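A closer look at the structure
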Amino acid sequence: MAKPAIENQTNTDRTYRFDFIGKGKIFFIISLIIIITGIVFYFVRGFNFGIDFLGGNLMEVKFKQDVSVSEIRKVMEETGYGKSILQNTASDQYIIRTVPIDEAEKDRILDELDSKIGINRPLIQDREVAPGFSKQITKYALIAVAISLAGILIYIWIRFEVRFAISAILELMHDLMIILSIYIITYREFNITTIAVILTVLGYSVNDAIIILDRVREELRFNKRDRFFDIVNYSINKTFIRSIGTVLTTLFPIIALLILGNPTLQDFAFGLFVGILSGTYSSIFIGSPLIVAWNNKFPKYKK
Amino acid sequence: MRRNKLNTAIVIIFIILLGLSIWGIVKNPIKLGLDLQGGTQVILKPVENEQASQENEEQQSAAAGVDSAAIDKAMLIILNRIDKLGISEPLVTKDYSNNIVIQLPGVDDPERAVDIIGKTAQLEFRILEGFDEEGNPKLGPVLLTGDKLSGASAGYDNNGQVVVQFSFNSEGAQIFEKITSENIGNQLAIVLDGEIKSAPAIRAVISSDGIIENIGSLEEAKDIALVLQTGALPVNLEIQESGFIGPTLGKDSLNQSLMAGIIGLALVVIFMIASYRGFGAITVIGLIFYVVFFWGILSALKTPLTLPGIAGAILTIGMAVDANILIFARTKEEILKGKSKQISLREGFRNALKAIIDSNITTLITAAALYRFGTGPIRGFSVTLAIGVILSMIVGLILVRAILFLIINSRAVSSGFIGVKIPQQTLKEK
């Protein structure tokens, strides 16, 4: 029952509509521009690290009436914490981030805000992170990324072959660079959640890459006639509709979160949005041209 | 025909599981994490007690170097103290690097809780051997510690001063009797967490009980009594992070993410039906099973649902239909080649299977790394991600497959149903 199906496949027409690989260079350049901009901005102003990384105190305060940033800034200056970060979450609600302070200092600031503007207690959020705590988090995040990458590398190596595995890892590195660059360029807060987002995107992106690689693997088994270039291009064309479908169904809920969510949820959704777009894009325009370029340099399949 | 029986059995089993899940969800409503219901979270890093650390100083700074049995004991003591504070449903866990994570739902004053929980409460009895040139007291070796107490309570002494009264257990009483009998005339220092509370002169042999003096307020005396009752922590704890999230913020987050989930789900349903017609509609049935199972597993696991957890769940909605999209695309391809519906469907599943499994396993690898090395909220996220990936494979590859094979030969599954023109000869073939 299954055999004739396979024979049929070799006779089917393998013309494809879009030359994804041939246009690869343009996309390499686009990615490069984003990453270089990211690097430049990194040296200009760096990451906007959150309290998780810098340590310090964070208070989200609901005031008794609408209040402007400058009014709060003025009170903060009087208390000696003029450099604190202020961020409004509603017209009468602000997040105030300070350097690490003790209880007494915190009470002094809150009392000052209460007498000058008027605040509601208990606070909406009241967090404190010891400086240096982030070292642990960063260390473990890096370990998590390294282990995921190693795991993925080994898995693809076993299931496919080593050149596919390395291309996939390079593609993931690309996604990583793009996400970090976007975080630097947009100056979005970089916190623990961002790390979870990055790891998820790695998982998603490799998922996407494998769909294409799987098709290439299948084609290579039956098709000894066409050039590797054409086989990869054909495989992308064949999986393209699926890629669009999946990226859309994944993005729908994320876009809903991006529009409806509070700042925390929006942070989460923003990272996922960028990452998933990058993951889909890179499987087609970065990862696939890479395996073709590799084959051109060290031919294993028909060049 | 036998295959149809098998597929019918599969569908029936899934419907039974669906019923069980709904029953489970109603019976054990899902627990909400701190970020969704509001409360206090404290992360404490264990550092060895001074005495122990003198022996192996290198290990002092690294939390990982602290004996894990000591940390477990500390967690038990902490839980005990929280219990005595009357806080319900506390959660005391250990994270990847042996930090102690304490979650207290509904508590809006982290300060007192942290004070009590984190107090080492090392009560020591030592002989005061005099003072050095600068007037600092010189203490003899530790003769007895607070772990041999049988009880402690706050009260007032004859002069109306606030004190903590304590009594020894039988072993402690024996030792105390020995100390006092050997040291009549000397001063006995009562040291709490390194601070000499008092150093009364020993006038007679005492065995059963004593008091701690020089306490600021009755409130403080009560706290000290509470921590003495629960015993000294075997490790010192440094606050790494403490946070309080108000109940309104949590509720808002929950509502917004649920709303986003529902809208996202609705968009996925519309998209699937618009693109894949009848096949899409069957995916929607699968998606309903998926969402209910997902919810059921979360409530059965009793892990609190956190904000990143919800985000993970929402993310998996899109991934859940991916398997179906792959299968349908492959099936359509086969139909276009002129094969019959049933053979096309079988080929479609077979061709897509490898890709589905390979891609999901790599996602599981990432989820495992996140779980192993993530802190609280990231862990929650990795759990929902992993549940989502596994469930989506089960629903997509078993349930949706069974339903499709049951209906594929029916006349209703026409070109319009599939969204692809079925070649005439194959229609006749049926």
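Cut-offs used in this document
Residues numbered from 1 in each chain as written. Chains lettered and ligands numbered in written order. Predicted model: local features only at pLDDT ≥ 70, side-chain atom pairs only at ≥ 80, totals over all residues. Heavy atoms only, no water. Domains from an automatic or database assignment. Patch = residues over 30% accessible without salt bridge, like charges linked within 9 Å, V, L, I, M, F, W, Y side chains within 5 Å. Areas by Shrake-Rupley, 256 points an atom, 1.4 Å probe, with all protein chains shown as cover. Salt bridge = Lys/Arg side-chain N within 4 Å of Asp/Glu carboxyl O. Helix = DSSP H or I, 4+ residues; strand = E, 2+ residues; numbered from the N terminus. Buried < 20%, exposed > 50% of the residue type's maximum accessible area, 1.4 Å probe, protein only. Contact = heavy atoms within 4.5 Å. Phe/Tyr/Trp six-rings, centres within 6.5 Å; stacked < 30°, edge-to-face > 60°. Lys NZ or Arg CZ within 6 Å of the ring centre and 35° of its normal. Pairing = 2+ DSSP bridges. Axes fitted to C-alpha atoms, helices over the stretch in contact; angles between N-to-C directions.

What about the domain arrangement of chain A?
Annotation of chain A at the domain level lists domain 1 (12-48 + 134-301) and domain 2 (56-129). Using only C-alpha atoms to locate each centre, domain 1 of chain A and domain 2 of chain A end up separated by 41 Å.

What to know about a nonpolar patch on the surface
All names here are of chain A. Judged by side-chain polarity, Ile154, Trp157, Ile158, Val162, Ile166, Leu170 and Met173 come together as a nonpolar surface patch covering roughly 650 Å² of accessible area. At the level of secondary structure, the elements contributing two or more residues to the nonpolar patch comprise α6 (133-159) and α7 (162-186). Tallying contributions element by element places α7 first for the nonpolar patch, with four residues. Tracing the chain through its elements places Trp157 in helix α6. For Trp157, a relative accessible area of 47% puts it in the partly exposed group.

Observations concerning the side chain of Ser181 of chain A
Among the structural elements, Ser181 of chain A can be located in helix α7. Look past the residues within four positions of Ser181 of chain A in its chain and what remains in contact with it is Ile34, Ile35 and Gly38 of chain A.

Focus: the packing of aromatic side chains
All names here are of chain A. With the rule as written, the count across this model stands at 31 aromatic pairs over all chains. Judged by centre distance (5.3 Å) and plane angle (80°), the ring pair of Tyr42 and Phe43 falls under edge-to-face. The partly exposed category is assigned to Tyr42, whose relative accessible area is 42%. On the accessibility criterion, Phe43 (65% relative accessible area) is exposed. Measuring from ring centre to ring centre gives 5.8 Å for Tyr183 and Phe190, while their planes differ by 85°; the resulting arrangement is edge-to-face. Accessibility expressed as a relative area gives 8% for Phe190, which makes it buried. Sitting over the face of the ring of Phe270, Arg188 holds its NZ or CZ atom 4.3 Å from the ring centroid.

A look at the sheet that holds strand β10 (residues 209-212) of chain B
All names here are of chain B. Strand order in this open sheet of three strands is β6-β7-β10, and the pairing throughout is antiparallel. The open sheet terminates on both sides in strands that have one partner only, identified here as β6 (149-156) and β10. When strand polarity is set aside, the average angle formed by the axes of neighbouring strands in this sheet is 25°. In this structure, β6 lies alongside strand β7 (residues 162-168), joined through seven bridges in antiparallel fashion. In the strand pairing of β7, Ser153 is matched with Gln165. Contacts from helix α7 (residues 218-230) reach β6, β7 and β10 within the one sheet, and its direction differs from that of β6 by about 175°.

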